[in-house]
Number of protein chains: 2
Amino acid sequence: MNNHQWPVPEGEGVISAPPASSLRDENQPAGEVERLYLEIFDAVIDQRLRPGVKLTEAVLCDAFACSRGTVRAALAQLQHDKIVELQPNRGAFVAQPDIKETRDVFEARRMVEAAILDKLLSLPDLPDRLQQLWQMVRQERAAFERQDRVSWIRLSNAFHVQLVRLAENEVLTELMNSLCSRTSLIIALYDKPGCSACSFDEHEHILQQLSRGDRQAAQQAMRQHLQDCEERMHFADRNVPDPWTMFHRQL
Amino acid sequence: MNNHQWPVPEGEGVISAPPASSLRDENQPAGEVERLYLEIFDAVIDQRLRPGVKLTEAVLCDAFACSRGTVRAALAQLQHDKIVELQPNRGAFVAQPDIKETRDVFEARRMVEAAILDKLLSLPDLPDRLQQLWQMVRQERAAFERQDRVSWIRLSNAFHVQLVRLAENEVLTELMNSLCSRTSLIIALYDKPGCSACSFDEHEHILQQLSRGDRQAAQQAMRQHLQDCEERMHFADRNVPDPWTMFHRQL
DNA sequence: TTCCAAAATATTGTTGACAATTATCGACAG
DNA sequence: CTGTCGATAATTGTCAACAATATTTTGGAA
């Protein structure tokens, strides 16, 4: 399937020159598909959309007041992020990561997040930057105590993303975003509802070790935290989504 | 923009149940958009498509004999991978990573690839698995000596991807694929044409340290290799793409 | 009742057309 | 010669309709 020719400039090379620089206006609408993408992405992170749910194009069109073309573009991107699965001629479903993917995601997280702690400890003003994370852990605890599951899940993921964000590396930040969303799917599928998937105690412990500047202990705490989270998954009885609650925003 | 409701099952919950399991046929067409995606992805990796080139939808339709909807879906995915930039109402351009992105990509690669070496060294049959990489380095040298630039670039990227693939972690493999494609764009933009961006000598050196089982030395070699590659970039005079050669497959 | 086949329904894949926006070219004043 | 303005052309964003495929329902026989 590689037997074609890239188009050759017709005539005497009249194809337009590339743009001098990106002059994108950040305040602009930024595209309908991006909006849809983020909407569905957040719904999956928050576990309002559970794994296996069918995302019918017409329903999404109706819900977000846009055309099917927009929906299809957004779904294509979500598929590429492994958040939805696109089955030909059958439709889009919220992805259901299997055991292998679970292992891979957590292994990747252990590698990346431990490496990031290493970099964070080289920052001179790390204690200042950690302030917002202490704040975040307090919010986690509060959300947990008032049994606000959605806020708690969101904060639990946000903790890891914000920690990575301190490294001021957009590539790593986006990677962590992607890994957290996939982790959310995994937890939704395999975590016992009663169990706390990502405890704020452990987050607190990581922050303590970071504040002390103890590299070994901080990395060990992070690895253990992720390890514990992975081991809390039960693959025997997966949480099959309930057709009645599916598609129902449990705000 | 969050003030809508997820659709509620109408009537008495008649929305179809989720699929029991994925029964995707791997030999099937796998989608037109995936084909287009890979075609453009490879063209960027091989530097047949240079940064800044405008990807007109109609031209791509014509070139790959598909509809604009397909093209738009593929471009949306490529945008999300930071391989093309989609400017509203202006069109799609092959991305032009800036200095910040260059720093972030290489930093991420140093972290991830060093961490992966750590895991590889724990494999009992590592020497066996390294065989194919030795072979690959030989091919790199051969391609370089016969001045086959496209093959050489492709093999140079493939070395890193294959190395990661030994860890048998699909998440990390896909990540490395993405990072390599972005690196290709960076090299196309900022590397002096004469300089060798990714020398096979250094690849060989990494393999040597791995074979010896020297963790410290192997990681140091990898970090140094990526550091050297990054430092070879000159941001002063970027290689602005030539409108005449753009879009012309230099097979 | 249970099973199987076929029609009916619903959903996806694809195409084409039209509106909105942007880029290009030429005329013309400074 | 340079720069601005306006008309034309090209390109993108969006939508609606149709064909292809999958799912559900219906009907009938064992």
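What comes next is a walk through the structure. These figures come from a predicted structure and were not determined experimentally. (Residues numbered from 1 in each chain as written. Chains lettered and ligands numbered in written order. Predicted model: local features only at pLDDT ≥ 70, side-chain atom pairs only at ≥ 80, totals over all residues. Heavy atoms only, no water.)

1. Looking at the protein's contact with DNA strand C
Here is the rule we go by: If a single non-hydrogen atom of a residue is within 4 Å of a molecule or strand, that residue counts as near it. N or O atoms within 3.5 Å of each other form a polar contact, as long as, within protein, one can give a hydrogen and the other can take it, and as long as residues adjacent in sequence are counted only when both atoms are side-chain atoms. Numbering goes from the N terminus for both helices and strands, where a helix is a DSSP run of H or I of at least four residues and a strand is a run of E of at least two. Under the scheme applied here, ten amino acids are nonpolar (Ala, Val, Leu, Ile, Met, Phe, Trp, Tyr, Cys and Pro), four are charged (Asp, Glu, Lys and Arg), and all others, including Gly, are polar.
Around DNA strand C there are 16 residues in total, and R68, R72 and N89 of chain A together with S67 and R90 of chain B lie nearest to it. Of all atoms in DNA strand C that approach within 4 Å of the protein, 74% are sugar or phosphate atoms. Note that a phosphate oxygen of DNA strand C is positioned 3.1 Å from one of the backbone N or O atoms of N89 of chain A. Take S67 of chain B: an N or O atom from its main chain is 3.3 Å from a phosphate oxygen of DNA strand C. Mapped by element, the contributors of at least two residues to the surface near DNA strand C are β1 (54-55) and α3 (68-80) of chain A. The class makeup of the residues in the surface near DNA strand C is 2 nonpolar, 6 polar and 8 charged.

2. Examining unusual backbone geometry
All names here are of chain B. Applied cut-off: Burial classes: relative accessible area under 20% of the type maximum marks a residue as buried, over 50% as exposed, and values in between as partly exposed (1.4 Å probe, protein chains only).
Residues other than glycine seldom take positive phi values, yet N89 does so here, at roughly 65°. Tracing the chain through its elements places N89 in the loop between β2 (84-87) and β3 (91-94). With relative accessibility at 88%, the residue N89 sits in the exposed group.

3. Section: helix α1 (residues 32-45) of chain A
Keep this limit in mind: Multiplying 1.5 Å by the helix residue count minus one yields the expected span of that helix. Any two residues having at least one pair of non-hydrogen atoms within 4.5 Å are treated as being in contact.
Look at α1 of chain A: 20 Å from first C-alpha to last across 14 residues, which is about the 20 Å you get at 1.5 Å a residue. Among all positions in α1 of chain A, only L36, Y37, E39, I40, F41, A43, V44 and I45 of chain A are buried. Turning to α1 of chain A, the residues buried within the fold contact α2 (57-64), α3, β3 (91-94), α6 (149-165) and α7 (170-190) of chain A together with α3 (68-80) of chain B. Looking one or two residues beyond α1 of chain A, the residue adopting positive phi is Q47 of chain A, at roughly 65°.

4. Comments concerning the sheet that holds β2 of chain B
All names here are of chain B. The condition that has to hold: Paired strands are those between which DSSP finds at least two bridges. As a rule, the C-alpha atoms of each element are fitted with a line to give its axis, helices using only the stretch in contact, and angles between N-to-C directions run from 0 to 180 degrees.
Strand order in the open sheet formed by 3 strands is β1-β3-β2, with antiparallel pairing between adjacent strands. Looking along the sheet, the strands with just one partner apiece sit at the ends: β1 (54-55) and β2. Lying on the sheet, α3 is in contact with β1, β2 and β3; it crosses β2 at an angle near 115°.

5. Let's talk about the side chain of D81 of chain B
Definition in use: For the purpose of counting charges, residues Lys and Arg are taken to be positive, whereas Asp and Glu are taken to be negative. His and the chain ends are not included. Definition used for salt bridges: Asp or Glu carboxyl oxygen within 4 Å of a side-chain nitrogen of Lys or Arg.
Tracing the chain through its elements places D81 of chain B in the loop between α3 and β2. Although D81 of chain B lies buried, it forms no salt bridge, and the closest oppositely charged side chain, R182 of chain B, sits 7.7 Å away as judged by the N-O distance. Not counting chain neighbours up to four residues away, the residues in contact with D81 of chain B comprise H80 of chain A together with Y37 and R182 of chain B.

Remember that the coordinates give geometry; whether it matters functionally is a separate question.
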